[in-house]
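# Fold and geometry: a report
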Amino acid sequence: MYRPAILCLALFASAASLADFDYNGDVSIRLDDTSDRSSRSQYRLRFNPRYDFGNGWSVHGFVSTGAEFDSAYSTIDDNDDEIHVRRLFMRYERGGSKLEAGVIPPYKGRVSSTGLSKEGWIRGLRSVWGTEDGAFEIVAGDLEDLRASRALSGDFDLNYIEVEYSGQLNETWSFELGGEELFDDRFLRGEIRYLAKSGAYWALELIHNTSTSNSKAILSTLRDLEAPQNPIEWFVYYSYTATGFGPRAELSEDFLEVGHAIATRLKGAIPMFERLEWFTEIELYEDTARIKAGFELSLN
């Protein structure tokens, strides 16, 4: 289970003398306590190496713990110590446009709550054309096998297509409009975002499964809270997912449960320890409460 990840890291290391090398990543530990099951102690390792070959060309990787598409956490007591290469792709970028090919991320930049999980992958191509006030994106690829161990292998089947436009109306309002086809279902997705004078972000997102006539909606806000030494980032969101929405719901970045749900997240720096942050999350859904709390250490 470790061999592909080790070979990927060795490949990047061997090229270090030929190109500019950079990376980011983090190590996280947390306690996950849910009202309807026993608490779990979990950990996560994420590593994102990058080589810049110049003239807009670069190669990127993503290695992490975890076995599922939508989570890089592993449970300590279960001895499920897996680490896999989830993404490996080439990128050509010039101005506001770019082309990605390989096992690519499921997002082009900012990860929306109704977007696919930031831990995931798509085997395929992404093309982004920058415009004066936004960007037009097309993605085509394979999103069938959701096991992290199979992200770089298996038969290819063209089963995912996405078309999206992101635009900026003015300094405070922005939006996204798009459509995608996945799991033989077709979806329409829209998002409107507002940046208040206080610095708080508000977002309203809706994704509609046109094949089943069911929808998922999220209303969220992100803001900084004043603290004695460092600000605390506060994210709150309410979501509703219709019962017949389908498996696309579970792959979303901020999926909680079918039906009504609400969650809040807080995180902040620890001044006495460089690159160390604390975080806590509270989720309430369908008569269930879940609390997650822990620490995250940046690797650079």
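Computed from a prediction, not measured in an experiment: that's the story for all the values here.

### Remarks on the overall build of the chain
- From N to C terminus, the chain includes 1 helix and 17 strands.
- A compact globule built from 300 residues should have a C-alpha radius of gyration of about 19 Å, and the chain, at 20 Å, falls within 12% of that.
- The buried share among the 300 residues of the chain stands at 41%.
- Within the chain, contacts between residues separated by at least 24 positions form 48% of all contacts whose residues are at least 6 apart in sequence.
- By element, 56% of the accessible surface of the chain is carried by carbon and sulfur atoms, the whole surface being about 15800 Å².
- In the chain, 31 side chains carry a positive charge and 49 a negative one; their mean positions are 2 Å apart.

### Description of the packing of aromatic side chains
- Within the structure shown, the criterion is met by 10 aromatic pairs.
- Ring centres 4.7 Å apart and planes at 45 degrees place the aromatic pair W173 and Y194 in the tilted group. With a gap of 21 residues between them, W173 in strand β10 (residues 173-182) and Y194 in strand β11 (residues 185-195) connect regions that are remote in the sequence.
- Overall, Y194 belongs to the partly exposed group, its relative accessible area being 28%.
- Here the aromatic residues F21, Y23, F47 and Y51 are joined through ring pairs into a cluster of three or more.

### Observations concerning the side chain of S239
- Tracing the chain through its elements places S239 in strand β14 (residues 232-241).
- With residues near it in sequence (within four places) discarded, S239 still touches A217, I218, L256, G259, H260 and A261.

### Focus on a nonpolar patch on the surface
- Side chains of L169, W173, I192, W202, L204, L219, Y238, Y240, I262, I282, L284 and I291 sit close together on the surface and give an oily, nonpolar patch of about 1100 Å² of accessible area.
- Secondary-structure elements contributing two or more residues to the nonpolar patch are β12 (201-209), β14 and β16 (276-285).
- Residue Y240 is classed as partly exposed on the basis of its relative accessible area, which comes to 34%.

### A short note on the environment of Y51
- Inspection of the secondary structure assignment puts Y51 in strand β2 (residues 40-54).
- Spatially, the C-alpha atoms of Y51 and Y23 are 8.5 Å apart, while their sequence positions differ by 28 residues.

### Points about unusual backbone geometry
- Here F183, not a glycine, exhibits a phi torsion of approximately 55 degrees, which is positive.
- Counting through the fold element by element, F183 comes out in the loop between β10 and β11.
- Judged by its relative accessible area of 26%, F183 falls in the partly exposed class.
- Backbone geometry places E286, a non-glycine residue, at a positive phi of 45 degrees.

### Quick look at the nonpolar core
- In terms of nonpolar packing, the biggest core is built from 18 residues, with F69, L116, W121, I122, L143, Y160 and L182 touching the most fellow members.
- One finds F235, A261, A263 and Y285 within the second-largest nonpolar core, a separate group that totals 7 residues.

What counts and what doesn't
- Residues numbered from 1 in each chain as written.
- Predicted model: local features only at pLDDT ≥ 70, side-chain atom pairs only at ≥ 80, totals over all residues.
- Heavy atoms only, no water.
- Helix = DSSP H or I, 4+ residues; strand = E, 2+ residues; numbered from the N terminus.
- Rg over C-alpha atoms; globule rule 2.2 N^0.38 Å.
- Buried < 20%, exposed > 50% of the residue type's maximum accessible area, 1.4 Å probe, protein only.
- Contact = heavy atoms within 4.5 Å.
- Areas by Shrake-Rupley, 256 points an atom, 1.4 Å probe, with all protein chains shown as cover.
- Lys, Arg positive; Asp, Glu negative; His and termini not counted.
- Charge placed at Lys NZ, Arg CZ, Asp CG, Glu CD.
- Phe/Tyr/Trp six-rings, centres within 6.5 Å; stacked < 30°, edge-to-face > 60°.
- Patch = residues over 30% accessible without salt bridge, like charges linked within 9 Å, V, L, I, M, F, W, Y side chains within 5 Å.
- Salt bridge = Lys/Arg side-chain N within 4 Å of Asp/Glu carboxyl O.
- Core = buried A, V, L, I, M, F, W, Y, C linked by side-chain atoms within 4.5 Å.

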